[in-house]
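# Notes for the structure review
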Amino acid sequence: MMKKHLEHTTALLAALTTELKLLKLWQTQQPSAVELASSAPFCCDSLAFEQWLQFVFIPRITQLINQQQALPSKIALRPMAEESFKQLSAQALLAVINKIDQTLTGQGDYCE
């Protein structure tokens, strides 16, 4: 079951990447080291939420999957996504983020 869960999560990360690209939120340049090192809350942070998804969340979850380590189970991306993308027509992106939340918190189809 663990393998299916990791494969499903990998597929969701790919879908997240696709949706960010479709909405033209995917960045071609990585933020500076200072921006990436910030520990401030998003509302005060140096990274936009989409940057955090691309440069922190996706790589970190991918790393955990590749190392077959436990994935975070107490996570809620959707509230921040709703706030960050309220000016966009981003229903497909929000749907993917909701599936990621459900999968990681054990409420999705491929939960252990």
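Residues numbered from 1 in each chain as written. Predicted model: local features only at pLDDT ≥ 70, side-chain atom pairs only at ≥ 80, totals over all residues. Heavy atoms only, no water.

## Quick notes on the environment of Ala76
Note the following rule: A run of H or I in DSSP counts as a helix once it spans at least four residues, and a run of E counts as a strand once it spans at least two, with each numbered from the N terminus.
Examined against the element boundaries, Ala76 turns out to sit in the loop between helix H3 (49-66) and helix H4 (78-84). Taking the C-alpha atoms as reference points, Ala76 and Gln102, 26 residues apart in sequence, are found 8.7 Å from one another.

## Looking at the pattern of salt bridges
Rule in force here: Salt bridges are defined by distance alone: a side-chain nitrogen of Lys or Arg within 4 Å of a carboxyl oxygen of Asp or Glu. Exposure classes here rest on a 1.4 Å probe applied to the protein chains alone. A residue is buried below 20% of its type maximum, exposed above 50%, and partly exposed in between.
Under the definition given, this model contains two salt bridges. For Glu82, the salt bridge goes to Arg78, with nearest N and O atoms at 2.6 Å. Of this pair, Glu82 and Arg78 both sit in helix H4, four residues apart, which is roughly one turn of the helix. By relative accessible area, which is 38% here, Glu82 ends up partly exposed. Classification of Arg78 as partly exposed rests on a relative accessible area of 24%.

## Description of the environment of Leu13
Condition: We call two residues in contact when some of their heavy atoms are within 4.5 Å.
Locating Leu13 in the fold gives a position in helix H1 (residues 2-22). Along the primary structure Leu13 and Lys99 are separated by 86 residues, whereas in three dimensions their C-alpha atoms are 10 Å apart. Apart from the residues within four sequence positions on either side, Leu13 is in contact with Phe57, Ile58, Ile61, Thr62 and Ile65.

## Observations regarding the nonpolar core
Applied cut-off: By convention a nonpolar core is built from buried Ala, Val, Leu, Ile, Met, Phe, Trp, Tyr and Cys residues, the set being connected through side-chain atoms within 4.5 Å.
With 27 residues, the main nonpolar core has Leu16, Leu53, Phe57, Leu77, Phe85 and Ile97 as its most contacted residues. For this core, the elements supplying multiple residues, two or more each, are H1, H3 and helix H5 (91-104). By residue number, the principal contributor to this core is H3, which donates eight residues.

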